[in-house]
Amino acid sequence: WNMNSFQFSDPAELRSWGLVSLLPRRALQDCRPPCGLDPWVRDLVTRMMDLGMRLYSNMSVNELCNALLQNTVWLDDNASMHELKDGLCKAQSRAADTFREKCQLVVCFIHRIPSPLYRDIKLAAELEASAEDIACNRNSLGLVTQVVVAERTDLVRNPQANRRSQYQANLCMKINAKMGGVNTKWALEVQQFLSNYLKQPQAPSLMVFGIDLTHPGRVEGGRSIAAVVGSLDKDLCRYGHQVWEEVVAGSEAVSKDKLLDAVHKLLLQRLQETNNKPGCLIIYRDGVSDAELDYVRQIELQAIVEVYTVLAGLLMSV
């Protein structure tokens, strides 16, 4: 795929952000341009702007890149969880001080995956603080992160044709979506169909849900993670999400109570953002075996109907 001469449908605004590098020093020692963190970050900023993203407006591109690079937090590639949290907190604080706005994003550079660093970054940035963290004044950061894997691009090795351009374009798509932007919209034919359908007097507004359950691998350990996403706009391009741990191992069924809570929150978010209650839900349920279809129909589906009925005061088509 090629994103040259392409811009996002609804580019996001990224006004305050920072960098954390967990790249091993030995991997950077022999780097020569265009490899290395400095030219790579400058190219990333240029790529963001080419795709239409709105970056901090009170600085030139060069000033912005210099500020990001000068404020980069450097950590060892074997950093502990506590060191990660402190480093992310430091990057968050530096971004807020530099751009005079709350930090929206921290981009973290690691050497390769699989690596425990990826998981630890997400845990450190996004999960609730433990009792030990609170005692040490390390409260929940509630921080959005984007991980860059150096081995998958030309950050620490000789560049290959289109490797950097394609990788950074893919990265920008993730960042734009995380910041609330919309990368692409439906093809004109689909938009026309939806437009014609929804303009019919009896046509209900649509909301699309996706439900899935992910189990950890044998090596990783840990609990299963359930997630629900729900569309928040009439174009079916923006989605909210709810995520939780499931303790029942070996099953694709999700907890009824937690599903009720997740759907309730997503419906409220949809109502708040559009002031429009959906009259028709389309639900995509992934990863269910034939033996568990009855549970999905009788428990999960009915739970969604139940919470919608209570919230909207009417039954809908599913």
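Read on for a plain summary of the structure. (Residues numbered from 1 in each chain as written. Predicted model: local features only at pLDDT ≥ 70, side-chain atom pairs only at ≥ 80, totals over all residues. Heavy atoms only, no water.)

## Here's the deal with the packing of aromatic side chains
Stage number 1. Applying the stated rule across the entire model yields 4 aromatic pairs.
Stage number 2. Measuring from ring centre to ring centre gives 6.4 Å for Phe-6 and Phe-8, while their planes differ by 85°; the resulting arrangement is edge-to-face.
Stage number 3. What makes Phe-6 partly exposed here is its relative accessible area of 30%.
Stage number 4. Where Trp-40 meets Tyr-167, the ring centres are 6.2 Å apart and the plane angle is 65°; that geometry is what we call edge-to-face. Here Tyr-167 lies in helix H7 (residues 163-178) and Trp-40 lies in helix H2 (residues 37-50), a separation of 127 residues in the sequence.
Stage number 5. You can call Trp-40 buried: its relative accessible area is 0%.
Stage number 6. Three or more aromatic residues joined by ring pairs form one cluster here, namely Trp-40, Phe-109 and Tyr-167. (Phe/Tyr/Trp six-rings, centres within 6.5 Å; stacked < 30°, edge-to-face > 60°. Buried < 20%, exposed > 50% of the residue type's maximum accessible area, 1.4 Å probe, protein only. Helix = DSSP H or I, 4+ residues; strand = E, 2+ residues; numbered from the N terminus.)

## Remarks on unusual backbone geometry
Stage number 1. In this structure, the amide linkage connecting Ile-113 to the following residue, Pro-114, adopts the cis form with an omega of 5°.
Stage number 2. Mapped onto the secondary structure, Pro-114 falls in the loop between strand S5 (105-110) and helix H5 (116-126).
Stage number 3. In the Ramachandran plot, Arg-100 falls in the positive-phi region, its phi being about 60° despite a non-glycine side chain.
Stage number 4. Examined against the element boundaries, Arg-100 turns out to sit in the loop between helix H4 (81-99) and S5.

## Focus: the sheet that holds strand S6 (residues 145-149)
Stage number 1. One open sheet accounts for 4 strands, arranged S4-S2-S5-S6; its pairing is parallel. Of all strands in the sheet, those bounded by a partner on one side alone are strand S4 (73-74) and S6.
Stage number 2. The pairing of strand S2 (residues 17-21) with S5 spans 5 bridges and is classified as parallel. Note that in S5 the partner of Ser-21 across the bridge is Phe-109.
Stage number 3. Taken strand by strand, H5 contacts S5 and S6, and its axis lies near 165° from that of S6. (Pairing = 2+ DSSP bridges. Contact = heavy atoms within 4.5 Å. Axes fitted to C-alpha atoms, helices over the stretch in contact; angles between N-to-C directions.)

## A look at helix H9 (residues 256-274)
Stage number 1. In this model, H9 (19 residues) spans 27 Å end to end at C-alpha, consistent with the 27 Å of a helix rising 1.5 Å per residue.
Stage number 2. Those residues of H9 not exposed but buried are Leu-259, Leu-260, Ala-262, Val-263, Leu-266, Leu-267 and Arg-270. Burial along H9 is one-sided: seen end-on, the buried residues are contained in an arc of 170°. Along H9, exposed side chains directed more than 90 degrees from the buried face belong to Asp-257 and Gln-272. (Expected span 1.5 Å × (residues − 1). Arc of directions from axis to C-beta.)

## With respect to the sheet that holds strand S10 (residues 280-285)
Stage number 1. Across the sheet, 4 strands lie side by side as S9-S8-S7-S10; this open sheet has mixed pairing. Edge strands, defined here as strands with exactly one partner in the open sheet, are strand S9 (239-246) and S10. Strand-to-strand twist of the sheet, defined as the mean angle between neighbouring strand axes without regard to direction, takes the value 15°.
Stage number 2. One ladder, built from 6 bridges, connects strand S7 (residues 206-214) with S10; its direction is parallel. What sits directly across from Met-207, in S10, is Leu-281.
Stage number 3. Across the sheet, H9 lies against S7, strand S8 (224-231) and S9, angled at about 165° from S9, the strand it touches most.

## Some remarks on the nonpolar core
Side chains of nonpolar character tend, in soluble globular proteins, to be buried together.
Stage number 1. With 56 residues, the main nonpolar core has Trp-17 and Phe-109 as its most contacted residues.
Stage number 2. Residue assignment for this core shows that the elements contributing at least two residues are S2, H2, helix H3 (61-70), H4, S5, H5, S6 and H7.
Stage number 3. Excluding residues within four positions of it along the chain, Trp-17 makes contact with Val-45, Met-48, Leu-64, Leu-68, Ala-95, Phe-99, Cys-103, Leu-105 and Val-107.
Stage number 4. In this structure, Leu-259, Leu-267, Leu-281 and Ala-303 belong to the second largest nonpolar core, which totals 19 residues. (Core = buried A, V, L, I, M, F, W, Y, C linked by side-chain atoms within 4.5 Å.)

## Remarks on the packing of H2 against H7
Stage number 1. Orientation of H2 relative to H7, taken along the N-to-C sense of each, is 60°, at an axis distance of 10 Å. With respect to H7, the axis of H2 lies oblique. In this structure, the crossing between H2 and H7 has a hand that is right-handed. Residues Pro-39, Trp-40, Asp-43, Leu-44, Arg-47 and Met-48 of H2 touch H7, and the partners they reach there are Arg-164, Ser-165, Tyr-167, Gln-168, Ala-169, Leu-171, Cys-172 and Ile-175. (Parallel < 35°, antiparallel > 145°, perpendicular 65-115°, else oblique. Left-handed = near helix turned anticlockwise from the far one by under 90°.)

## Notes on the side chain of Asp-233
Stage number 1. Mapped onto the elements, Asp-233 comes out in the loop between S8 and S9.
Stage number 2. Despite its burial, Asp-233 pairs with no opposite charge; the closest candidate is Arg-238, at 5.7 Å N-O.
Stage number 3. In terms of polar contacts, Asp-233 uses its side chain to reach the backbone amide nitrogen of Leu-236, at 3.1 Å.
Stage number 4. A distance of 2.9 Å separates a polar atom in the side chain of Asp-233 from the backbone nitrogen of Cys-237.
Stage number 5. Setting aside residues up to four positions removed in sequence, Asp-233 forms contacts with Arg-238, Arg-270 and Thr-274. (Lys, Arg positive; Asp, Glu negative; His and termini not counted. Salt bridge = Lys/Arg side-chain N within 4 Å of Asp/Glu carboxyl O. Polar contact = N/O pair within 3.5 Å; in protein donor to acceptor, adjacent residues only side chain to side chain.)

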